[in-house]
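Structural overview for review
So the chains spell out like this:
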Amino acid sequence: MYKIAVIPGDGTGPEVTAEAVKVLRAAADKFNFKVDLTAFDFGAERYKRTGETLPDSAVEELRKFDAILLGAIGHPDVPPGILEKGILLKLRFALDQYINLRPVKLYPGVETPLKDKGPEDIDYVVVRENTGDLYTGTGGFTMKGTPNEVAVQSAVYNRFQVDRCLKYAFEYARKYGKKTRGKGDKNTLALCGKTNVLTFIYDLWERAFNEMGQAEYPDIEKEYYHVDATCMWMVKNPEWFDVIVTGNMFGDIITDLGAITQGGMGIAAGANINPEGVSMFEPIGGSAPKYTGKGVINPLAAICAMQMMLETLGEERAAKKAEEAVMFVTANKLKSLSAGKMGYSTGEVGDLVAEQVAK
Ligand code: IPM
Ligand code: MN
């Protein structure tokens, strides 16, 4: 029995979360496990009503769950930053979800904007550090509002944060890299940084990366790419990549690029992981206000996030089946992954995946 906290959130979040839950229930029936779901109303509506983003008790309460399934956070009526910082980032930090795992995998039948590339070429994972960097909020203004105003925002990392993220990434490469999966002759971990300019932060990352790799992971091939070059190769030669590890800010940016190469926000999912605690699973795309309530949004990203949850909970057979079901639907059913162009409604796409899982 798994206790799952569900935070549908804003915009299209509730619609896509309902489909993820539909598929979760189908998987639970099929693979004989139970789920006990508890919904939380954190998001814009609650904020507008009460002025509160996350109540003080929320973090302690959420700690008691086995996992958290999140829809989307963000609303056009609320200024940018309030809900994102007050809910999403707060949970990532408070629950110490120090890994943001984002697979970039092109499923069969899905159109990619990359010319002449297919599912064989676009199949890698980004391990984004999720608690440090420019996201710590370290900084401030002086002389605000004057012509001499100064704004500073600092990238912050300590060795402990870097080491624990690298350890996760090396372990991940060993367990799920291309060699292990029979897709190549080696497992490779690439560090994505900017050692030529960010000569403190990425010097630390690179030293830690090389030390750990040499001492503990001699079986894993190590590569280094600057972040700008990473973007270039993600477009030109995505087949080069296996597992990429990077800091929080670069990870945020390159995973949107990765997402569009795998078919966009309709399919891209991520996991905020605390390997020793409670993890949170979410579609990468936002709340898509203009599609809210129309039943046209693609729920596959939320379903894929739920699939990552199954994997993390240790329900590996159910996870594999859910992924195969999504792949069947992209290959044989959907006309497009874009909202309103799928050839099916949001609920029908959920039904198609759930039916496949039940088979
Ligand atoms: C993401 C999002 C968030 C981030 C925003 C909404 C705070 O872009 O999950 O990638 O920057 O991490
Ligand atoms: Mn992002």
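All values derive from a computational prediction rather than experimental measurement.

Assignment of secondary structure puts D10 in the loop between β1 (2–9) and α1 (13–31). There is no salt bridge for the buried D10, and the closest opposite charge comes from K48, which lies 8.2 Å off by N-O distance. Among the polar contacts listed, one links the side chain of D10 to the backbone nitrogen of A44, at a separation of 2.6 Å. Aside from chain neighbours lying at most four places away, what touches D10 is G43, A44, E45, A72, I73, G74, H75, L83 and S287.

Moving on, we come to the state of the cysteines. Across all of its chains, the model carries zero disulfides by this definition. The closest cysteine sulfur to the non-disulfide-bonded C165 is located on C192, 12 Å from its own sulfur. Among the cysteines around C192, which has no disulfide bond, C231 carries the closest sulfur, lying 7.1 Å off.

Put simply, α1 and helix α11 (residues 346–358) touch, their axes get as near as 9 Å, and they point 15° apart. With respect to their mutual orientation, α1 and α11 come out roughly parallel. The two elements α1 and α11 cross, and the hand of that crossing is right-handed. Residues E15, E19, K22, V23, A26, A27 and K30 of α1 pack against T346, G347, G350, D351, V353, A354, V357 and A358 of α11.

It is worth spelling out the sheet that holds strand β8 (residues 188–193) at this point. Pairing is mixed in the open sheet, where 10 strands are placed in the order β2-β1-β3-β12-β11-β4-β5-β10-β8-β9. Lying at the two open borders of the sheet, with one neighbouring strand each, are β2 (35–39) and β9 (221–226). Shown here is a sheet whose adjacent strand axes are inclined to one another by a mean of 25°, direction ignored. Pairing geometry for β8 and strand β10 (residues 243–246), over four bridges, is parallel. Each bridged residue has a counterpart across the sheet, and for C192 the counterpart in β10 is T246. Sitting on the sheet, helix α8 (residues 248–261) is in contact with β4 (99–105), β5 (123–129), β8 and β10, with an inclination near 155° to β5.

Two elements, β1 and β2, share five bridges in a ladder whose sense is parallel. Within β2, the position partnered with V6 by the bridge is A39. Following the chain from β1 across α1 to the adjacent parallel β2, one finds a crossover that is right-handed.

Before going further, it helps to examine the pattern of salt bridges. As enumerated under the stated definition, the model contains 22 salt bridges in all. A salt bridge links D252 to R128, with the nearest nitrogen and oxygen atoms 3.7 Å apart. Residue D252 is located in helix α8, and its partner R128 is located in strand β5; the two are separated by 124 residues in the primary sequence. For D252, a relative accessible area of 24% gives the class partly exposed. For R128, a relative accessible area of 1% corresponds to the buried category. The network of salt bridges with common partners includes D41, R46, R49 and E52.

Thresholds, definitions, all that
Residues numbered from 1 in each chain as written. Chains lettered and ligands numbered in written order. Predicted model: local features only at pLDDT ≥ 70, side-chain atom pairs only at ≥ 80, totals over all residues. Heavy atoms only, no water. Helix = DSSP H or I, 4+ residues; strand = E, 2+ residues; numbered from the N terminus. Buried < 20%, exposed > 50% of the residue type's maximum accessible area, 1.4 Å probe, protein only. Lys, Arg positive; Asp, Glu negative; His and termini not counted. Salt bridge = Lys/Arg side-chain N within 4 Å of Asp/Glu carboxyl O. Polar contact = N/O pair within 3.5 Å; in protein donor to acceptor, adjacent residues only side chain to side chain. Contact = heavy atoms within 4.5 Å. Disulfide = S-S within 2.5 Å. Axes fitted to C-alpha atoms, helices over the stretch in contact; angles between N-to-C directions. Parallel < 35°, antiparallel > 145°, perpendicular 65-115°, else oblique. Left-handed = near helix turned anticlockwise from the far one by under 90°. Pairing = 2+ DSSP bridges. Right-handed = clockwise from strand over helix to strand, strands pointing away.

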